[in-house]
Amino acid sequence: MRLSRYFLPVLKETPSDAQIVSHQLMLRAGMIRQQSAGIYSWLPLGMKVLKKVEQIVREEQNRAGAVEMLMPTIQSADLWRESGRYDDYGQEMLRITDRHEREMLFGPTNEEMITEIFRSYCRSYKDLPKMLYHIQWKFRDEIRPRFGVMRGREFLMKDTYSFDIDEAAARHSYNRMFVAYLNTFARMGLKAVPMRADTGPIGGDLSHEFIVLAETGESEVFCHADLVEMAVPGADVDFEGDLQPLVDQRTALYAATEEMHDADEFAKVPADRQLSARGIEVGHIFYFGTKYSEPMKAMVMHQDQKEHAVHMGSYGVGVSRLLGAIIEAHHDDKGCIWPESVAPFGAGILNLRAGDDAADTACEDAYAKLSAAGLDPLYDDTKERPGGKFATADLIGLPYQLVIGPRGLKENKVEVKIRRSGETHEMSPEDAVNRLAEGAFSNG
RNA sequence: CGGGGCGUAGCGCAGUCUGGUAGCGCACCUGGUUUGGGACCAGGGGGUCGCAAGUUCGAAUCUUGCCGCCCCGACCA
């Protein structure tokens, strides 16, 4: 992409209503624009990162055996009356009346709808297990939206729903998501710690929040420090096999949010391993048994020739919130530092003197070759002065900057800057392009 | 919803107390000089001061109502 043709409205100054660094940087880097309290437009740069994050979530869901579909944003109130949640959900649900005076709502979640779909088609225990997900915009009319995309009213969520024959089978589905989430967040450069969460009226031990530690997090958390650095299972996990040991390895160590915190248990953690911090909830997994299948009659015939309600779980990832979490984890005073896996462009090419023949030629050549290599470079071909180009490149956080100007070219030199470390390497244009194309500067 | 704060040019703000022809920096446009880490000079455009009503000879400024946004609290991916 040529910057001259792109839409990248960067701000030099920090908008006054942004309180936390991720919100400030998303506004300054021209990623989002607030349209109303807690409601944002995703500008091109933000959209690109959002899609990358979404794709990682999707790939890991698919790997874990979940099947993608798409449900609508608008739902019928009748569906929610079946589960009893229409009255329970309260003011957080945005209720809408259509022209025929039908009561509709903008979905805050999809348990009812997926249960309705499941029960319409699945009648036998032989149809189980099933695991379906979608990535769709949700609306929750939060009392107080804040911190940009961290607590928006409209937000993009991945929600998965599992259907199993009994609690033991549901536990395996739960473990699939538990492990999938560990891998998902690690791929984005996040250290997410699973923490015991409140299971509400269902009880049991099957609910975990996945928390990214960050000073600006909304939750106070307490955990064994080893959990933070624990290596994730990785891509070659056998999701059909026994995942319980992987789960136990983590749940054996203390980790809880404020609501679930037990000071006495925490005190048993070795003192030098006790970690109390703040965190951002990026995922939440939940087993809720027959809470919806019972009232909504999602029954399957078992071998005993009787109908039984299916055991369900739901598993959410705040996709749009993840962008905030990633920036909180990866930034400096100059701007964002995107992990390569979610960077909006693979590299930036900075033409320090657009209009100079030598610089233009070298930049065009690098742009063509890096594009061909699949790096999806952003070529700053504007007439702006070098200082502004450096500042913009740092602000939007591209992992690599290929800096090309007439002064260096006289000695056949260009500069490669690594955003995360700030280090620069001088070399010939050919070397720079080749090494960038082959990922020579990557640290994985 | 309770408590607090703020709405003045695209962004950041001053002016409001004490009413008297709407300002500053950045950004933008034109010309010129510049050009390797957010240049300089000169000129220029842009605001019914959130909306409405009221007080007044006169309102960004005082009064009332409404709207929007932000922060603290209880809830959530």
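Residues numbered from 1 in each chain as written. Chains lettered and ligands numbered in written order. Predicted model: local features only at pLDDT ≥ 70, side-chain atom pairs only at ≥ 80, totals over all residues. Heavy atoms only, no water.

## Here we look at the protein's contact with RNA strand B
And then number 1: As a structural note, the neighbourhood of RNA strand B is formed by 47 residues, with R151, E281, D394, R407 and G408 the closest of them.
And then number 2: Take the atoms of RNA strand B that sit within 4 Å of the protein: sugar and phosphate atoms are 46% of them.
And then number 3: Within the backbone of G387, an N or O atom sits 3.5 Å from a sugar or linking oxygen of RNA strand B.
And then number 4: Elements that contribute at least two residues to the surface near RNA strand B include exactly β1 (32–36), β8 (154–164), β13 (274–289), α12 (386–396), α13 (406–409) and β22 (414–418).
And then number 5: If one sorts the elements of the surface near RNA strand B by residue count, α12 sits on top with six residues.
And then number 6: Taken together, the residues of the surface near RNA strand B sort by class into 15 nonpolar, 13 polar and 19 charged. (Near = heavy atom within 4 Å. Polar contact = N/O pair within 3.5 Å; in protein donor to acceptor, adjacent residues only side chain to side chain. Helix = DSSP H or I, 4+ residues; strand = E, 2+ residues; numbered from the N terminus. Nonpolar A, V, L, I, M, F, W, Y, C, P; charged D, E, K, R; others polar.)

## A closer look at the pattern of salt bridges
And then number 1: All told, the structure shown has 28 salt bridges when counted by the stated rule.
And then number 2: Residue E229 pairs with K191 through a salt bridge whose shortest N-O separation is 3.4 Å. A residue pair is termed long-range when its members are at least 10 positions apart, and E229 in helix α7 (residues 226–229) and K191 in the loop between α6 (167–187) and β9 (192–196) qualify at 38 residues. (Salt bridge = Lys/Arg side-chain N within 4 Å of Asp/Glu carboxyl O.)

## A look at the environment of A372
And then number 1: Locating A372 in the fold gives a position in helix α11 (residues 357–372).
And then number 2: Measuring from C-alpha to C-alpha, the distance between A372 and C336 comes to 26 Å, with 36 residues separating the pair along the chain.

## Thoughts on the pairing of β13
And then number 1: Where strand β10 (residues 207–213) and β13 come together, seven bridges link them in antiparallel fashion. Bridging across to β13, L213 finds its partner in G279.
And then number 2: Pairing of strand β11 (residues 219–224) with β13, which is carried by six bridges, proceeds in the antiparallel orientation. Residue pairing for β13: E220 is matched across the bridge by R278.
And then number 3: In this structure, β13 lies alongside strand β16 (residues 311–318), joined through six bridges in antiparallel fashion. Of the residues in β16, the one forming a bridge with H284 is G316. (Pairing = 2+ DSSP bridges.)

## Digging into the domain arrangement of chain A
And then number 1: Assigned domains of chain A: these are domain 1 (3–335) and domain 2 (345–437).
And then number 2: Computed from C-alpha atoms alone, the centre-to-centre distance between domain 1 and domain 2 is 38 Å.
And then number 3: Counting from both sides, the interface comprises 14 residues of domain 1 and, opposite them, 12 residues of domain 2.
And then number 4: Of all residues in domain 1, L3, K48 and K334 bury the most surface against domain 2, accounting for 41% of the area lost on that side.
And then number 5: Here K48 makes a salt bridge to D376, at a shortest N to O gap of 2.5 Å.
And then number 6: Where domain 1 meets domain 2, there are four residue pairs in polar contact (both at pLDDT 80 or more).
And then number 7: If you list the elements that add at least two residues to the side of domain 1 that touches domain 2, you get α1 (21–28) and α2 (44–63).
And then number 8: Grouping the constituent residues of the side of domain 1 that touches domain 2 by class yields eight nonpolar, two polar and four charged. (Domains from an automatic or database assignment. Contact = heavy atoms within 4.5 Å. Buried area = accessible area lost by both parts, 1.4 Å probe.)

## Things to note about the pairing of strand β23 (residues 424–427)
And then number 1: Relative to β23, β22 is paired through four bridges, and the arrangement is antiparallel. Directly across from K417, in β23, lies its bridge partner T424.
And then number 2: Here β22 folds back onto β23 in antiparallel fashion, the turn holding five residues, of which G422 has a positive phi close to 85°.

## What to know about the sheet that holds β22
And then number 1: Pairing is mixed in the open sheet, where five strands are placed in the order β20-β19-β21-β22-β23. Edge positions in the open sheet fall to β20 (378–380) and β23, since each of these has one partner strand only. Geometrically, the sheet is characterised by an average inter-axis angle of 20° between neighbouring strands, direction not taken into account.
And then number 2: Pairing analysis gives four bridges linking strand β21 (residues 400–404) to β22, with the strands arranged antiparallel. Looking at β22, one finds that L402 is bridged to V416. (Axes fitted to C-alpha atoms, helices over the stretch in contact; angles between N-to-C directions.)

## What about unusual backbone geometry?
And then number 1: Residues L128 and P129 are joined by a peptide bond in cis, for which omega reads -5°.
And then number 2: With respect to the helices and strands, the residue P129 is situated in the loop between α5 (111–121) and β7 (130–139).
And then number 3: With a phi close to 60°, F147 is a non-glycine residue in the positive phi region.
And then number 4: Relative to the assigned elements, F147 resides in the loop between β7 and β8.
And then number 5: One non-glycine residue with positive phi stands out, namely D376, at about 50°.

## A few points about the nonpolar core
Note on soluble globular proteins: their nonpolar side chains tend to be buried together.
And then number 1: Residues M31, V53, F185, M188, F210, L322 and W338 are the most contacted members of the largest nonpolar core, which totals 68 residues.
And then number 2: Per element, the largest residue contribution to this core is nine residues, and it comes from α6.
And then number 3: Shared between two domains, this core takes at least three residues from each, and those domains are domain 1 (3–335) and domain 2 (345–437).
And then number 4: When near neighbours in sequence (up to four residues on either side) are disregarded, W338 contacts M31, V49, L323, I326, I327, A343, P344, I396, G397 and P399.
And then number 5: Membership of the second largest hydrophobic core comes to 23 residues, among which are W80, F163, A298 and V310. (Core = buried A, V, L, I, M, F, W, Y, C linked by side-chain atoms within 4.5 Å. Buried < 20%, exposed > 50% of the residue type's maximum accessible area, 1.4 Å probe, protein only.)

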